[in-house]
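Coordinate inspection notes
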Amino acid sequence: GILFSGFVLGIKGIRKVNWGFKRENIIPFCFISLILVWLFWYLNGALYADGDTMTHWGRIVRSIYQDNRLPNFINNEIYCQSYPPATACWIYFVMKFTGYSEAIALCAQDIWIVLGAVSLFNLRDETVIYNKKFILMDVIILIGVLMYLNSFDTLIVDVLLASVTITAFSIIA
């Protein structure tokens, strides 16, 4: 029901969207495109880091994909069953279209992080003269968050949670 409602509201909202491409959006668009291209190149054929504690999320993803259900008491290899598997569910959703791959799992989570951090670009006011300074600030924050705080080749959810929080605050703002 939620998915159907989302489709209906999305179709209704398409008519209200201004599809014109503004000049000040070129820098964010190019920057995001470069990050995504680099991400696909970097994670091509990637595997989970061996011995990493976050391969637990990888086991959850594999379990959901193989069993086509959320893990429960039957899955004895998953030891933290009280954690909400939001990222694992997102990765499962992506893998339903692409098939199972550790590289796809890593890429799906990193795309969520990037797209959450991109919401910073929405905080610009169209009437402000200093839009270029805001865009530069957003790019610097994105580089700091994505390149220095995030490890793209693990399923660590700490930076993802920060990205989702940034998204929530920018929606509120």
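See the structure printed just above.
I will try to describe carefully the structure that is included in this document. (Residues numbered from 1 in each chain as written. Predicted model: local features only at pLDDT ≥ 70, side-chain atom pairs only at ≥ 80, totals over all residues. Heavy atoms only, no water.)

Right, let's get into the overall build of the protein. Each helix and strand in the protein was counted, giving seven helices and zero strands. Secondary structure of the protein in N-to-C order comes out as α-α-α-α-α-α-α. Per element, the accessible surface of the protein, about 11,400 Å² overall, is 68% carbon and sulfur. (Helix = DSSP H or I, 4+ residues; strand = E, 2+ residues; numbered from the N terminus. Areas by Shrake-Rupley, 256 points an atom, 1.4 Å probe, with all protein chains shown as cover.)

What follows concerns the side chain of Ser 163. Looking at the secondary structure, you find Ser 163 in helix α7 (residues 158-172). Classification of Ser 163 by relative accessible area gives buried; the value is 1%. In this structure, Ser 163 is in contact with Trp 112, Ile 113, Gly 116 and Ala 117, ignoring residues within four places of it in sequence. (Buried < 20%, exposed > 50% of the residue type's maximum accessible area, 1.4 Å probe, protein only. Contact = heavy atoms within 4.5 Å.)

On to the packing of aromatic side chains. The tally for this structure, following the rule as stated, stands at five aromatic pairs. Note on Tyr 65 and Tyr 100: the rings are 5.6 Å apart at their centroids and 40 degrees apart in plane angle, and the pair reads as tilted. Of this pair, Tyr 65 sits in helix α3 (residues 55-67) while Tyr 100 sits in the loop between α4 (86-98) and α5 (102-117), placing them 35 residues apart in sequence. Between Trp 90 and Trp 112 the ring centres are 6.2 Å apart and the planes differ by 55 degrees, which places this aromatic pair in the tilted class. Of the two residues, Trp 90 sits in helix α4 while Trp 112 sits in helix α5, which places them 22 residues apart along the sequence. (Phe/Tyr/Trp six-rings, centres within 6.5 Å; stacked < 30°, edge-to-face > 60°.)

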